[in-house]
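# Reading the structure
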Amino acid sequence: METPTRIFDILTYYKNHFAKPIMVAGKTAGKWTNHSTDDFLSTVDNLSKGLVAKGIGKGDKIALMSHNRPEWNFCDFAINQLGAAVVPLYPTLSKQDLSFIIHDAEVKIIFLSDAELCEKIAGALAENNLDIPIYTFDPVVAKPSWQSLVDEGKQHDVDLAPYRNAVGEDDLLTLIYTSGTTGKPKGVCLSHKNVLTNVYDCFNLLPDYFKKALSFLPLCHIFERMVVYLYFAKGVEVHYAESLDTIVADINDVKPDGFTTVPRVLEKVYDKIVSKGKELKGIKKHIFFWALNLGLNNKEPGKNGSWVDFQLGIARKLVFKKWQAALGGNIKLIVSGGAALQPRLARVFWAADIPVMEGYGLTETSPVIAVNTLEKGGVKFGTVGKVLKHVDVKIATDGEILCKGPSIFRSYYKNDAATAEVIDDEGYLHTGDIGELDTEGFLRITDRKKEMFKTAGGKYVAPQVLENKFMESTLVAQVMVIGENRKFPAALIVPAFDVLAQWCKIKGIPFRSNEEAVKDPAVIEKYQREVDRLNQGFGQWEKVKKFVLLPNQWTIDAGELTPKLSLKRKVILQRHEEAINSMYQEN
C-alpha cells in the first residue's frame, strides 16, 4: 500500500509487512496478555463499530484516562479511524483541571482504566454538572465495560471504509491539554499529518534490528504516543510495563531492545549502580571505579582513540556487562526526553554499550524537534541532536529557539489569543527555550526563556544549568535554584534520603526521620561541601550562596511537578516562601 497519510493507516501497513503473533502485550497482576496483529486489528474495528452505534463520528472528542495498557491503543485507533479525536487525560490531573478540559473539549464519551479513576472523574463531572457516558477497562460496579462496545460492534454490519475515507491528513487527531506551570490548561490541536511527519522524521532513530520495546512513560503525553506509533510503523513489538514499581522485573521479563525514558529514571539507575559499587571491597571496588571514571570521560564514537577504546573493551567485560544484564541484556538504545540529560550520564551509558539518545521537543511540535541518533556522526554529548528533516529551526536575537514545519501545531483549541502569543507572523513557533546551533548542526538547549532570572545586581542566571549540575550529586534528589531580583542565587534542595541515610550510618549520625535529618548540623555541613564543589566552574554571580534542605519530595499529586516531572516553580516558591525569605534575611 502507499505510505500512510493518516495514523490509522499504520495498522494496514503493519498487517501487510509485519503481521506477527505478538503485536502488543500488557501485564496485569503479574501476568502477561499478548495480542496478535489479527486480534489487534479486529478489536479496533469492532470497537469503532460499537462507537458508531453510539453515534460517534467525525469531529467528536473522546477522553481517554488510563495508565499504559493495550486497551489504550485499541481505543486510540478505533477513535481516530472514525475521524474523531482522542483527548488524553493524565491520571494525576486535579479535579478542577479535569472538569475544565472535559467541558472545554465537549467530550462525548470517557474511557477509564479502573475504579479509582472512575471515582476521580465523578467529582470532576459534578463540577460542571456534566453527564457523560463512561466505559471502563477493569470491572467497575455500575459502569459498563469497554468490551461491551466491542461486543456491540460485532453485532453491527458497519462498513468502516466511508468513515476512513472521510478522514484527511489535516484533520484533528488529538487534542492534548498542556498542564503548564500556571493558568488554565491549553488544548494543543495536533493533526494526523503533524504526528505522522514526526514519525517519518524519526524512522532513522530505530535501527532495523530493534524488534522489541518496553513502554512505561505515559501514553497521554505525545512523546510516548508518537514513539509507539513509530514502533508500530517499524514492526516493533510493544510491551507495556505493569507499573513504574515493576519496571525492573518487567525489563527482565521482556528483555527489550530499548525503551524511552526521562533523565530522572537514568539518574536513579546510575545512583543505584554507584551505591552498589561503593559497597565493594578491595580489587573489585578498584576495578569498578576505574571503569566508572573511564566511562565518565568517554567521548562520542570514534573520538576516544585506540588506547581508550581498548580499555573500554576491558571495562565492558569486567564491569559494564553487568549494567547491560540489569536492563535485560539486549538493550540496543534508550531514548531520553522531557528534560535535560546530564552529559556525564550519556557518556557513561554509552561507555557501557547502552546508547542513550537525547532528544528535544514540545507537545506543540508533535513532539520531536531534534534528536541524537545511532547514525555515523549522529550523536554529540551535551546536545539534543540534529534538527529533524522537516523542521526549520532558527535562533532569535535573544537566543530563543523558533521552529516551523508540517509537524508544528496550528493552534490552541478555541484560544486564538494564546496561539498568537506563540506563533509569529512568519509562522514560527516560539518555543520559550534558549539554545544554540553549532557548526555541525547540533542543537544545544541552555535554558527556559521564562525561567531565566536577573539578580538584584543585574546579572542574568540560567537556573536549569545550575540545577542540572547539582543533580550530578548522588545526595541530591531534587533542586530548584532561585534568586530573581535577589542579591544572589540560592537553592531549595530535597536530599536523596536513601543515600543520605547510608552516609549518616557510616558517620555514626542518628537518622530518625527526614525532618530531623535536614536540620542536623553535620548533614547541613555535608551539603555545604557538596554545594561548594558543584559551584566550581560558575561565575561568581551564578554561584549558589545559600541553600535550605527540605524534608519532602516534590510530587505530581501534590501539584509541585507537571506530569512531565518539570518543576512548577511558582507553586514551589509559594509553598516555601518562609524558608526562602529566611535565606535572604540573613544577609
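Residues numbered from 1 in each chain as written. Predicted model: local features only at pLDDT ≥ 70, side-chain atom pairs only at ≥ 80, totals over all residues. Heavy atoms only, no water.

### Some thoughts on helix H17 (residues 497-507)
Among the residues making up H17, those that are buried are Phe497, Val499, Leu500, Trp503 and Cys504. Taken down its axis, H17 places every buried residue within 155° of arc, on the same side. Across from the buried face of H17, at angles greater than 90 degrees, the exposed residues are Asp498, Lys505 and Ile506. Residues of H17 that are buried make contact with strand S23 (490-495), helix H18 (514-517) and helix H19 (521-535). (Buried < 20%, exposed > 50% of the residue type's maximum accessible area, 1.4 Å probe, protein only. Helix = DSSP H or I, 4+ residues; strand = E, 2+ residues; numbered from the N terminus. Arc of directions from axis to C-beta. Contact = heavy atoms within 4.5 Å.)

### Notes on unusual backbone geometry
What you tend to see is this: most non-glycine residues have negative phi, and most peptide bonds are trans. Here the amide bond leading from Ser366 into Pro367 is cis, since omega sits at -5°, within 30 degrees of zero. Along the chain, the position of Pro367 falls in the loop between strand S13 (356-361) and strand S14 (368-371). Non-glycine residue Ala29 carries a positive phi angle of around 50°. Positionally, Ala29 belongs in the loop between strand S1 (24-28) and strand S2 (31-35). Despite not being glycine, Ser366 has its phi angle at roughly 70°, a positive value. Mapped onto the fold, Ser366 is located in the loop between S13 and S14. Residue class for Ser366 comes out buried when judged on its relative accessible area of 0%.

### Focus on the sheet that holds strand S12 (residues 333-336)
A sheet is described by the order of its strands in space; here 9 strands give the open sequence S2-S1-S10-S9-S11-S12-S13-S14-S15, paired in mixed fashion. The outermost strands of the open sheet, each flanked by one partner alone, are S2 and strand S15 (386-387). As paired strands, strand S11 (residues 258-261) and S12 are joined by 4 bridges and run parallel to one another. Note on S12: the bridge partner recorded for Gly258 is Leu333. Packing against the sheet, helix H10 (residues 247-254) makes contact with S1, S2, strand S9 (212-215), strand S10 (237-240) and S11, and its axis sits at approximately 165° to S9. (Pairing = 2+ DSSP bridges. Axes fitted to C-alpha atoms, helices over the stretch in contact; angles between N-to-C directions.)

### Quick notes on the packing of helix H3 (residues 70-80) against helix H9 (residues 222-233)
Packed helices, taken two at a time, are described by their axes: the angle between them and the distance between them. Following both chains from N to C, one finds H3 and H9 inclined at 85°, their axes separated by 13 Å at the closest point. Overall, the two elements H3 and H9 adopt an arrangement that is roughly perpendicular. Judged by residue contacts, Trp72, Asn73, Asp76, Phe77 and Asn80 of H3 engage Arg225, Val228, Tyr229 and Phe232 from H9. Across the contact of H3 with H9, the residue classes tally to 5 nonpolar, 2 polar and 2 charged. (Parallel < 35°, antiparallel > 145°, perpendicular 65-115°, else oblique. Nonpolar A, V, L, I, M, F, W, Y, C, P; charged D, E, K, R; others polar.)

### Observations concerning the pairing of strand S18 (residues 429-437)
It is a general feature of regular strands that their side chains alternate between the two faces of the sheet. Note that strand S17 (residues 400-404) and S18 share 3 bridges and pair antiparallel. Within S18, the residue paired with Cys403 across the bridge is Leu429. Relative to strand S19 (residues 443-448), S18 runs antiparallel, the two sharing 5 bridges. Of the residues in S19, the one forming a bridge with Leu437 is Leu443. Hairpin connection, S18 to S19: the antiparallel pair is bridged by 5 residues, and Gly441 has positive phi, about 90°.

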